Amino acid sequence: MPIRLFILTAAGLWLQPTSAQAQTQRAMPSDTVTLEEAIGAYNERATRHNSMLAAYNEAQQHTQQAIAQLNAFFDFYNHRFQPRKTDAQLQQMLPPVATNLQRARGILATVAFEDETRQATVRELMAVVQRGEARLRNSQAFLARYLRTTPVQRPVLFTTRGGPYEMTR
């Protein structure tokens, strides 16, 4: 019994003899694709898709870490920076947030799904990153102002409602 190879063409699926002689005798039309080629192309698309999913998940993890770190800063702010930390410790609170948001943004820039639903998901996560960056800038501005203020006057920065010293969130 001869072994047959399935060939996928524009017109449909058909069998082709696989003997070397039959292969060399018959030139394949330009619109035919062997099963191996079709499977290879499918596997390449699946591999690209899985790579995109892994990248998206990594970006999502960085975003979640940044949000958790930013929320920790907001909680500290809401408690009027109590318990006390040194200025050096305060300066170390926000850089990890910036790093995680930058990593997430950089990774998302490389993610390009083929289907619109997943593209919309990437855009939504990018919007979360952008909102996080805006909140980070406000936090950095407040912290810079706080650190420039003399220690005796710092408590006043927490009491001005709606004024220039209030951290916008």
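Read on for an overview of the structure. Note that this is a predicted model, so its numbers are computed, not measured. Note on numbering: residues in each chain are counted from 1, in written sequence order. Reporting in this predicted model follows two pLDDT cut-offs: at least 70 for local features of residues, and 80 or more for side-chain atom pairs to be given and counted; totals over whole chains, interfaces and linings ignore these cut-offs and use all residues. To obtain the side-chain values, all non-hydrogen atoms of the structure were included, while hydrogens and water were left out.

What about the overall build of the protein?
- Here a strand is any run of E in DSSP of at least two residues, a helix any run of H or I of at least four, and the numbering for each starts at the N terminus. For the protein, the helix and strand inventory stands at six helices and three strands.
- Along its sequence from the N terminus, the protein presents helices and strands in the succession β-β-α-β-α-α-α-α-α.
- When a residue's accessible area, from a 1.4 Å probe over protein chains only, is under 20% of the maximum for its type it is buried; when over 50% it is exposed; and in between it is partly exposed. Within the protein, the fraction of its 169 residues that count as buried is 28%.
- Contact criterion: two residues are considered in contact whenever any of their non-hydrogen atoms come within 4.5 Å of each other. A separation threshold of at least 6 residues defines the contact pool for the protein, and within that pool the share at least 24 residues apart is 64%.
- Under the convention used here, a 1.4 Å probe and the Shrake-Rupley method define accessible areas, while residue burial counts only the protein chains that appear. Working note: accessible area of the protein is about 11,000 Å², and carbon and sulfur atoms make up 55% of it.

A short note on helix α5 (residues 116-148)
- The end-to-end C-alpha separation of α5 is 48 Å, in line with the 48 Å expected for 33 residues at 1.5 Å each.
- Residues V122, L125, M126, V129, G132, E133, L136, S139, F142, L143 and Y146 constitute the buried set of α5.
- Check the buried side of α5 and you find it contacts α2 (35-78), α3 (87-91), α4 (95-108) and α6 (154-157). Working rule for helices: expected span equals 1.5 Å times residues minus one.

Regarding the side chain of T63
- You can see T63 is positioned in helix α2.
- Apart from residues lying up to four places away in sequence, T63 is in contact with A104, L125, V128 and V129.

Here we look at the pattern of salt bridges
- The salt bridge definition used is simple: a Lys or Arg side-chain nitrogen within 4 Å of an Asp or Glu carboxyl oxygen. All told, the structure shown has four salt bridges when counted by the stated rule.
- Between E114 and R48 there is a salt bridge; the shortest N-O distance is 3.8 Å. Placement of the pair is E114 in the loop between α4 and α5 and R48 in helix α2, with a sequence separation of 66 residues.
- Accessibility expressed as a relative area gives 61% for E114, which makes it exposed.
- Salt-bridge contacts for R123 lead to E116; the nearest nitrogen and oxygen are separated by 2.5 Å.
- Judged by its relative accessible area of 46%, E116 falls in the partly exposed class.

Focus: the packing of aromatic side chains
- The aromatic pairing rule takes the rings of Phe, Tyr and Trp, using the six-membered ring of Trp, and pairs them if the centres are within 6.5 Å, calling planes under 30 degrees apart stacked, those over 60 edge-to-face and the rest tilted. Counted by the stated rule, this structure contains twelve aromatic pairs.
- Where F76 meets F81, the ring centres are 4.9 Å apart and the plane angle is 15°; that geometry is what we call stacked. Of the two residues examined, F76 and F81, each falls in the buried class.
- Look at Y146 and F158: their rings are 5.8 Å apart centre to centre, the planes differ by 65°, and that puts the pair in the edge-to-face class. Placement of Y146 in helix α5 and of F158 in the segment after α6 is noted, with a sequence separation of twelve residues between them.
- Look at Y146 and you get buried, because its relative accessible area is 4%.

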